[in-house]
Amino acid sequence: MGRKIAIVGAGAVGGYAGSHMVQAGEDVTFIDPWPEHVEHMRKHGLRVTHAMDVAEFSVPVRALHITDAQQLAKEQPVDIAFVCTKSYDTAWATMLIRQYLAPDGYVVSLQNCMNEETVAGVVGWGRTLGCIASSITVNLPEPGHIHRGAGKGGAAHTVFRAGEVHGRITPRTEEVCRLVGYSDSAKVTTNLWGERWSKLVANVMQNGLSACTGLSGSEILASEPLRRFSSRLGSEAIRVGQAQGYQLEEILHLPPETIARAGEGDEAAMRACDEQRFKDSKRTSSAQRPSMGQDMQKGRRTEIEFLNGFVVREGERLGIACTANAALTDIVKRVERGELKPDLRHITELRLN
């Protein structure tokens, strides 16, 4: 106890992890750019609910508007800053908290996508850690309310994986693991980059499809054409990750090679993917939407350029064509700009080689 923690971006993941830290007695300050959310947290605290088998709770929290962050200059420095913003906000969020860090303080990217390099560009590699939240299925339906569209992962699925960029186990990674472990199962990983890319693949397979079709995760799963396209998206991303030398972990509880082969037309692999994904869907609310689908519903900017678009750019650099990811990136951007309305026909009527 006694470590000062900042959560920069108190949205679904930051709010979920941070609220459990507060409940456990940790010293946590939330900083968020959504004024209504901050005001609600100040007056009513943070409320956390689950779709399955977990009692709801509320905790009083300290919440600051971005314009209030300067107050931190008059206080004990921040020991651990969790950056939990959308990927496109990583640089400014890290810059905001950098000046309030203790000399040995560090920043943890608790986000989707591959943002450690951006964080390190602001605070240096020596002060940069990563933490993956795997299959956490959380959202922020209204100010001050975090909802998880499932129960806890627990022993059946390790949700949080904390790691150093150099892969060694350190007291810092163990400290991060302890903190996020208040909210669900957690481990220290020696394979941060492999874990990061594996999570990226899972997001690549689901997020953009929800954003451009308007469908929930279960509705996407119910459509065979969308399942096949999802596997193709994952296959391309896996091949790019393998070409970069990443040691990939299980993706959606499947061996990466099974997804890769399913996306390349292997029928046995397709059946194995379908079986596992339908099995997993029983543990999640049928109404749960991937985060990018939530963003599209709320009229927010999506992370498509940091997910599928990133796969395309990395593929181009390596000479690997990612036509499915390129097509999806373009469709999502057009829906985001209002040129198209969400519709599953954007995918089902797509013609690719």
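First, a word on what this report is: a plain description of the structure on this page. This one's a predicted model, so the numbers in the text were calculated from it and none came from an experiment.

**A few points about the pairing of strand β6 (residues 78-83)**
For step 1, the next point in the chain: In terms of residue burial, β6 counts as a mostly covered element, since 6 of its 6 residues are buried.
For step 2, the next point in the chain: Relative to β6, strand β1 (residues 4-8) is paired through 4 bridges, and the arrangement is parallel. Looking at β6, one finds that A6 is bridged to A81.
For step 3, the next point in the chain: Sheet topology note: the β6/strand β7 (residues 101-109) ladder contains 5 bridges and is parallel. Residue pairing across strands places I80 opposite Y106, the latter belonging to β7.
For step 4, the next point in the chain: Between β6 and its parallel partner β7, the chain crosses via helix α3 (residues 90-98), and the hand of that crossover is right-handed.

**Let's talk about the side chain of R289**
For step 1, the next point in the chain: Relative to the helices and strands, R289 is located in the loop between α10 (267-281) and α11 (291-298).
For step 2, the next point in the chain: Here the side chain of R289 touches G214 through a polar contact of 2.6 Å, landing on its backbone oxygen.
For step 3, the next point in the chain: Residues in contact with R289, not counting those within four places in the same chain, are S210, G214, L215, S216, G217, Q294 and Q297.

**Some remarks on the packing of aromatic side chains**
For step 1, the next point in the chain: Applying the stated criterion across every chain, the model contains 3 aromatic pairs.
For step 2, the next point in the chain: Between W125 and W193, the ring centres sit 6.4 Å apart and the planes meet at 75°, which makes this aromatic pair edge-to-face. Of this pair, W125 sits in the loop between α4 (116-123) and β8 (128-133) while W193 is found in helix α6 (residues 192-213), placing the two residues 68 residues apart along the sequence.
For step 3, the next point in the chain: When the centroid spacing of 5.9 Å and the interplanar angle of 50° are considered together, the rings of W197 and F310 count as tilted. You can see W197 sitting in helix α6 and its partner F310 sitting in helix α12 (residues 308-318), a full 113 residues away along the chain.
For step 4, the next point in the chain: Ring pairing ties together the aromatic residues W197, Y246 and F310, which thus form one cluster.
For step 5, the next point in the chain: R172 extends its terminal NZ or CZ atom over the ring of Y106, reaching a point 5.1 Å from the ring centre.

**Details of α3**
For step 1, the next point in the chain: Residues of α3 that are buried include every one of T90, A93, T94, L96 and I97, and no others. Considered in projection along α3, the buried side chains sweep an arc of 155° and stay on one side of the axis.
For step 2, the next point in the chain: Buried residues belonging to α3 abut β1, β2 (27-32), β6, β7 and α4.

**Concerning the pairing of β1**
For a regular strand, the rule is simple: side chains alternate between the two faces of the sheet.
For step 1, the next point in the chain: When you tally the buried positions in β1, you get 5 out of 5 residues, the bulk of the element.
For step 2, the next point in the chain: Residues K4, A6 and V8 point to one face of β1 and I5 and I7 to the other, with burial holding for every one of them.
For step 3, the next point in the chain: Where β1 meets β2, 5 bridges bridge the pair, whose relative direction is parallel. In the strand pairing of β2, V8 is matched with I31.
For step 4, the next point in the chain: Read as a crossover between parallel neighbours, the route from β1 over helix α1 (residues 12-23) to β2 is right-handed.

**A few points about unusual backbone geometry**
For step 1, the next point in the chain: Unlike most non-glycine residues, C113 shows phi in positive territory, near 70°.
For step 2, the next point in the chain: Inspection of the secondary structure puts C113 in the loop between β7 and α4.
For step 3, the next point in the chain: The phi angle at H253 is positive, at roughly 60°, despite the residue not being glycine.
For step 4, the next point in the chain: When you line up the elements, H253 lands in the loop between α8 (224-243) and α9 (256-263).

**Digging into the packing of α3 against α4**
For step 1, the next point in the chain: At their nearest, the axes of α3 and α4 sit 9 Å apart, and the two run at 35° to each other. When you trace α3 past α4, the crossing you get is right-handed. Taken together, the residues of α4 that come into contact with α3 (itself represented by T90, A91, T94, M95 and R98) are T118, V119, V122 and V123.
For step 2, the next point in the chain: For the contact of α3 with α4, the class distribution of residues is 5 nonpolar, 3 polar and 1 charged.

**Some details on the environment of E349**
For step 1, the next point in the chain: Take E349: it is sitting in the segment after α14 (345-348).
For step 2, the next point in the chain: When the C-alpha positions of E349 and P225 are compared, they lie 9.5 Å apart, and in sequence the two are 124 residues distant.

**A closer look at the sheet that holds strand β10 (residues 145-148)**
For step 1, the next point in the chain: Reading across the sheet, the 4 strands line up as β4-β3-β10-β9 and stay open at both edges, with mixed pairing between neighbours. Edge positions in the sheet fall to β4 (57-59) and β9 (138-142), since each has one partner strand and no second. Averaged over all adjacent pairs, the angle separating strand axes in this sheet is 25°, with direction ignored.
For step 2, the next point in the chain: Bridging between β9 and β10 involves 3 bridges; their strand directions are antiparallel. In the sheet register, V138 faces β10, and the bridge partner there is R148.

Criteria and cut-off values
- Residues numbered from 1 in each chain as written.
- Predicted model: local features only at pLDDT ≥ 70, side-chain atom pairs only at ≥ 80, totals over all residues.
- Heavy atoms only, no water.
- Buried < 20%, exposed > 50% of the residue type's maximum accessible area, 1.4 Å probe, protein only.
- Helix = DSSP H or I, 4+ residues; strand = E, 2+ residues; numbered from the N terminus.
- Pairing = 2+ DSSP bridges.
- Right-handed = clockwise from strand over helix to strand, strands pointing away.
- Polar contact = N/O pair within 3.5 Å; in protein donor to acceptor, adjacent residues only side chain to side chain.
- Contact = heavy atoms within 4.5 Å.
- Phe/Tyr/Trp six-rings, centres within 6.5 Å; stacked < 30°, edge-to-face > 60°.
- Lys NZ or Arg CZ within 6 Å of the ring centre and 35° of its normal.
- Arc of directions from axis to C-beta.
- Axes fitted to C-alpha atoms, helices over the stretch in contact; angles between N-to-C directions.
- Left-handed = near helix turned anticlockwise from the far one by under 90°.
- Nonpolar A, V, L, I, M, F, W, Y, C, P; charged D, E, K, R; others polar.

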